[in-house]
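The primary structure of each chain is shown beneath.
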Amino acid sequence: MDFDLNQEQKMWQRIVRDFCESEVKPFAAEVDETSKLHWDAIRKMKDVGLISLEAPEEVGGVEMDTISIAIAMEELGRACGSTALSIAAHNGLGCAPIKKWGTRQQHEQWFPSLISGEVLGALALTEPSAGSDLLNGVQTFARRDGDSWVIDGSKAWITNAGIAPVITVLCRTDKEAGARGFSMILVDTKSAGLTIHPPEKKMGLKGSPTHMLSFEGVRVPYEAVLGEVGRGFAQTMQTLDNGRIGIGALSIGLAQAAFEEAVKYAKQRRAFGKPIAEHEAIQWMIADAALEIDAARLLVYRAAWMKDQGRDYTKQAAMGKLMATEVAERVSRNAIQIHGSYGYSREFPVERIYRDQRLMTIGEGTSEIQRLVISRRVLQEFDNLSPASK
Ligand SMILES: Cc1cc2nc3c(=O)[nH]c(=O)nc-3n(C[C@H](O)[C@H](O)[C@H](O)COP(=O)(O)OP(=O)(O)OC[C@H]3O[C@@H](n4cnc5c(N)ncnc54)[C@H](O)[C@@H]3O)c2cc1C
């Protein structure tokens, strides 16, 4: 076993960290206050490669391995939750499905703009009445009409929709075919009949735009389907497995940032004649945070490693996401506790981190759904054991 990043990965981590320290972190409070992404930084991400992590090399992407992508997401999360979420959604949800299932023509059509640094990608699964249960709940329907699809329905909570040139939309294409009755369809955001509603007003991640979408007879070419017709649900599950590694890594970054702020503060703030870091109750919170961040990091990077090995990693990705997102919540909660009333103030980053991390146990599958995924796999593995081992 080897728990170290290799030289290349360490170098990549250093490049991304330096970039985030100078171009992303200094603007995190402003991004939150103004509810606007810092586009100067996003444009510069093009040269670092952060915008094309999931874009094929043939069209100018850097097409990185999963561990390197996790490293990037962790560093972005450590710098700014809003920016990290939009970049995670761009790479993992916007670009990855097009890279994996898109035709050469679709790559050439969409990647030049997707990796330009002027726009970000998006994936629309969730609907006003369907989140965890997409299989039963999705009502957005695409019907074939000659050489076109005609799409009617609505989607909700779609990250980056208002700044995307194209949105991959999960549509029901056959109402009788169950899980085989879905297709992913690429919808040009200039299409007539598509309304992208104003950004939602959120508790945190305010700079990362989230939109409701309405489709009224939106007509797109038949060849805009991504991969095979009828495979959309399976594609969605695979996309989410991968996305969960990204959200896990991002959450470790958020936890790490809150932890660093808490340690710094605990060494400066004095109470009862000594720095609060010398009080045992504070030391326990610091110890628990260090322990949990480390455990979460090991789980998330193991899932990334398994994916890169070509192994089944569904359970491990769910474990990593579950652990990292719940750790981020506990660590940022305690970081505020360590700051006392200053932690409740907008003057200190822990207040923003606490609000930003709250989404992570919800998006790309709630904690309850991660537990469902894990327990299904565990029970299945038990059934597959030989009678002698039971
Ligand atoms: C900021 C933000 C960004 C987002 N970005 C995107 C995006 O880019 N694209 C996209 O498609 N979606 C996006 N989403 C939507 C997100 O993925 C969904 O909110 C999430 O999947 C949960 O769905 P829901 O909100 O409909 O909750 P529901 O599915 O209604 O769940 C409500 C509660 O019931 C629980 N529950 C449901 N089923 C079960 C069960 N079987 N057992 C136990 N408990 C259960 C859930 O865990 C949850 O606690 C985003 C959401 C937010 C807030």
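Above: the structure in question.
Residues numbered from 1 in each chain as written. Predicted model: local features only at pLDDT ≥ 70, side-chain atom pairs only at ≥ 80, totals over all residues. Heavy atoms only, no water.

Undergrad: Please explain the environment of S191 as it appears in this structure.
TA: For S191, the location among the structural elements is in the loop between β5 (182-188) and β6 (194-196). Look past the residues within four positions of S191 in its chain and what remains in contact with it is V218 and V220. (Helix = DSSP H or I, 4+ residues; strand = E, 2+ residues; numbered from the N terminus. Contact = heavy atoms within 4.5 Å.)

Undergrad: Whenever I open this one, the state of the cysteines confuses me. Can you help?
TA: Covalent bonding between the sulfur atoms of two cysteines defines a disulfide. The full count for this structure, using the stated rule, is zero disulfides. Summary of cysteine pairing: C171 is not part of a disulfide, and the nearest cysteine sulfur, belonging to C95, is at 19 Å. (Disulfide = S-S within 2.5 Å.)

Undergrad: What should I look at first to understand the side chain of Q235 in this one?
TA: Mapped onto the fold, Q235 is located in helix α8 (residues 232-268). On the basis of relative accessibility, which here comes to 3%, the residue Q235 falls in the buried class. Beyond its immediate chain neighbours, meaning those up to four positions away, Q235 contacts W101, M184, L226, G227 and E228. (Buried < 20%, exposed > 50% of the residue type's maximum accessible area, 1.4 Å probe, protein only.)

Undergrad: Just to check I follow, could you spell out a nonpolar patch on the surface for this structure?
TA: A surface patch of nonpolar side chains, amounting to about 460 Å² of accessible area, comprises M1, F3 and L298. Within the secondary structure layout, F3 lies in the segment before α1 (7-24). (Patch = residues over 30% accessible without salt bridge, like charges linked within 9 Å, V, L, I, M, F, W, Y side chains within 5 Å. Areas by Shrake-Rupley, 256 points an atom, 1.4 Å probe, with all protein chains shown as cover. Salt bridge = Lys/Arg side-chain N within 4 Å of Asp/Glu carboxyl O.)

Undergrad: Could you clarify how one ought to interpret helix α4 (residues 66-79) in this entry?
TA: In an α-helix, one turn spans 3.6 residues, which is why side chains three or four residues apart end up on the same side. For α4, with 14 residues, the first-to-last C-alpha span of 20 Å sits near the 20 Å given by 1.5 Å per residue. Of all the 14 residues making up α4, 14 are buried; the element is thus mostly covered by neighbouring parts of the structure. Two or three places before I67, at the start of α4, stands the capping residue D65, its side-chain oxygen 3.2 Å from that residue's backbone nitrogen. (Expected span 1.5 Å × (residues − 1). Polar contact = N/O pair within 3.5 Å; in protein donor to acceptor, adjacent residues only side chain to side chain.)

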